[in-house]
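# An overview of the molecular structure
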Amino acid sequence: MVHGRFCGFRVVIARVTALIRIDRAWTAAPGDERPRPIRFCSRCGHPSEEPPGRPQPRRRVCERCGMGMILTCPRDALPGAAAAFLILTFELEVSAVSEAGEKIFGSEHGLIGAQLLDLMTSPMGDDQLARHTSIAAQRPCDPVVLPVRLTSERAGEVGTMAARIATCGPPRAALLTVEPSNFGRR
Ligand SMILES: [Zn+2]
């Protein structure tokens, strides 16, 4: 992921990725080699675990908040419950934002239909950010972590964040979660 010409960012990348702590207690059962997919709400971000042995049709609307759509993603794509994330189309258009995501990116009303690169930039290169997001929106792939910064005037306050990009759906889309890294704030 880190190429020679990006060596100036090695420290940033190392610090940011070191902050990606995947809570295995939450994401996978002990000894579970391949984490099962998880269902989560596109709005409140809480997992929707169905009790086993209930063959009823799966609900699409979140029972917890009544607003979000239930989506599925790999367990290691979500940093935890109530994560800050955006859902994006392969054309890099925002189709949903979680409640926690609004605290970082602004209100849902102003975000739907916005372009990813109008909202954030990556020191690894905007082309990488765009490419990984577009790929994740089109086919299943392993989560990718990239450092990102807001393009708004809040960039200095929020600092560099770790963006985790993965596939979710249906319908298939990119799930981009962000976690603060405490790096690059001023
Ligand atoms: Zn919900």
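Bear in mind that the values here come from a model prediction, so they are computed numbers and not experimental data.

### Quick notes on the overall build of the protein
On a plain count of helices and strands, the protein comes out with seven helices and eight strands. Just so you have it, the protein exposes about 9700 Å², and 53% of that area is on carbon and sulfur atoms.

### Structural notes on the coordination of the zinc ion
The protein atoms that coordinate the zinc ion are Cys41 (SG), Cys44 (SG), Cys62 (SG) and Cys65 (SG), at distances spanning 2.3 to 2.4 Å. Coordination at the zinc ion is tetrahedral: its four donor atoms span angles of 104 to 118° at the metal.

### Some points on the packing of aromatic side chains
Scanning the model with the defined rule gives one aromatic pair in all. Between Phe40 and Phe85 the ring centres are 5.5 Å apart and the planes differ by 90°, which places this aromatic pair in the edge-to-face class. A residue pair is termed long-range when its members are at least 10 positions apart, and Phe40 in strand E1 (residues 37-41) and Phe85 in strand E3 (residues 84-88) qualify at 45 residues. Accessibility assignment for this pair places Phe40 and Phe85 in one class, buried.

### Some points on the side chain of Thr133
Structurally, Thr133 is set in helix H6 (residues 126-136). What makes Thr133 buried here is its relative accessible area of 0%. With residues up to four places along the chain from it excluded, the contact list for Thr133 reads Leu88, Leu92, Leu116, Ile165, Ala174 and Leu176.

### Describing the confidence of the model for the protein
For the protein, per-residue confidence averages 84 on the pLDDT scale, and residues scoring 70 or more make up 74% of the total. Note that pLDDT drops below 50 for residues 1-8; the model gives that stretch 15 contacts with residues more than four away or on any other chain. pLDDT under 50 marks residues 21-29. Its contacts with residues more than four places away, or in other chains, come to 15 contacts.

### Quick notes on the nonpolar core
In this structure, Leu86, Phe105, Met120, Leu129, Leu176 and Val178 are the most contacted members of the largest nonpolar core, which totals 30 residues. In terms of residues, this core owes the most to one element, strand E6 (residues 144-150), which gives four residues. Once residues within four sequence positions are removed from consideration, Leu129 is found in contact with Leu116, Leu117, Met120, Thr121, Ser122, Leu146, Val148, Ile165 and Leu176. Ile38, Phe85, Ala173 and Leu175 belong to the second largest nonpolar core, which has 14 residues in total.

Cut-off values and rules
- Residues numbered from 1 in each chain as written.
- Predicted model: local features only at pLDDT ≥ 70, side-chain atom pairs only at ≥ 80, totals over all residues.
- Heavy atoms only, no water.
- Helix = DSSP H or I, 4+ residues; strand = E, 2+ residues; numbered from the N terminus.
- Areas by Shrake-Rupley, 256 points an atom, 1.4 Å probe, with all protein chains shown as cover.
- Donors = N, O, S within 2.8 Å, 3.2 Å for Na, K, Ca; no water.
- Tetrahedral: all angles 85-135°; square planar, octahedral: opposite > 155°, others 65-115°.
- Phe/Tyr/Trp six-rings, centres within 6.5 Å; stacked < 30°, edge-to-face > 60°.
- Buried < 20%, exposed > 50% of the residue type's maximum accessible area, 1.4 Å probe, protein only.
- Contact = heavy atoms within 4.5 Å.
- pLDDT = per-residue confidence, 0-100.
- Core = buried A, V, L, I, M, F, W, Y, C linked by side-chain atoms within 4.5 Å.

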